[in-house]
Amino acid sequence: MDWLLVILSLIVLWIASLCKIIHTSSSPSRTFFLSNGGAFCKKNVLLVVAHPDDESMFFSPTISYLISRGHNLHILCLSIGNADGMGNARKHELYKACAVLKDGFGQIWDHNLLARIIKEEVSRHEIDVIITFDGYGVSGHCNHCDVHYGVRLLQENPQSLQAWELVSTNIFRKYSGPIDIWLSMLLAIKDTDRMHCLLNEQPKKSFHAMSEHSSQWVWFRKLFVSFSSYTYVNTLRKINV
């Protein structure tokens, strides 16, 4: 009986969390990420990821927010995901997934080289803001961490450039689905100068975008997208060097 009560409580909380997300998408947002004192200020934003599908698995709430607010979003993917020999297919899938969102596993990467590549993209597109993984990279994947440190190296040079990182959570929060929005919002409120909580206003698009990565859209990734908190909420923290 106790287990049944726990399960029912979780189901109710899950539904309530989804209702909160839906309500947020249909009402004016109070989130002022990248706004200037609450006023709209169009930015050129560069999202830096390690592999095709990172953008759909981890950053879809951020992408949805940026696109819906009219910011110019560019995505820099630093590999074609060829660890399993499917790099060309995954590159094409990345293009298709980005279209949806817009309406060497284990190999350590050179951080200095990453910084130079990112710097070139920043100059080419006159980037104002960079968004990437934090030092743990959500899953501890070495290439996610490499991308973070590449951005940090770039930040060490004097530039009028903001950089934000996606906050990694513990395993319980990571697989709590939409339920994590409550704790994420609470933590962001405590540090409004350095943290912003972005709810996914169109969670269905996360599934649609991830399905465009057909070579990766296997059963356990379907479960991940369903139960991952990153499908429903992103907490971004300002990177300070």
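Quick look at the structure, then. (Residues numbered from 1 in each chain as written. Predicted model: local features only at pLDDT ≥ 70, side-chain atom pairs only at ≥ 80, totals over all residues. Heavy atoms only, no water.)

Another aspect to go through is the sheet that holds strand β3 (residues 129-133). In sheet architecture, strand pairing relies on hydrogen bonds along the backbone and comes in two forms, parallel and antiparallel. Strand order across the open sheet formed by six strands is β2-β1-β3-β4-β6-β5, with mixed pairing between neighbours. The sheet terminates laterally at β2 (72-77) and β5 (195-199), the two strands that pair on one side only. For this sheet, the mean angle separating the axes of adjacent strands, direction not counted, is 25 degrees. Sheet strands touched by helix α5 (residues 111-125): β1 (44-49), β2 and β3. Its angle to β1, the strand with the most contacts, is close to 160 degrees. The sheet contacts of helix α8 (residues 181-190) involve β5 and β6 (233-238), and relative to β5 the element is tilted by about 150 degrees. (Pairing = 2+ DSSP bridges. Helix = DSSP H or I, 4+ residues; strand = E, 2+ residues; numbered from the N terminus. Axes fitted to C-alpha atoms, helices over the stretch in contact; angles between N-to-C directions. Contact = heavy atoms within 4.5 Å.)

Once that is clear, we can look at the pattern of salt bridges. One pass over the structure, following the stated rule, counts six salt bridges. Residue R124 pairs with E121 through a salt bridge whose shortest N-O separation is 2.3 Å. Here the residue R124 and the residue E121 both occupy positions in helix α5, the gap between them amounting to three residues, near one helical turn. For R124, a relative accessible area of 52% gives the class exposed. E121 gets classed as buried once you look at its relative accessible area, which sits at 16%. Where salt bridges share partners, they join D134, E165 and R237 into one cluster. (Salt bridge = Lys/Arg side-chain N within 4 Å of Asp/Glu carboxyl O. Buried < 20%, exposed > 50% of the residue type's maximum accessible area, 1.4 Å probe, protein only.)

This next bit is on α8. All of the buried residues in α8 are I181, S184, M185 and A188. Each buried residue of α8 lies within a common arc of 95 degrees when the element is viewed along its axis, so the set occupies one face. (Arc of directions from axis to C-beta.)

As a packed pair, α5 and helix α6 (residues 142-155) sit with axes 8 Å apart at the nearest point and diverge in direction by 65 degrees. By the angle between their directions, the pair α5 and α6 is classed as roughly perpendicular. Note on packing geometry: the crossing formed by α5 with α6 is right-handed. Two secondary-structure elements touch here, α5 through H111, N112, L114, A115, I118, K119 and V122 and α6 through D146, V147, Y149, G150, V151, L153 and L154. (Parallel < 35°, antiparallel > 145°, perpendicular 65-115°, else oblique. Left-handed = near helix turned anticlockwise from the far one by under 90°.)

Read these as geometric descriptors, not functional statements.
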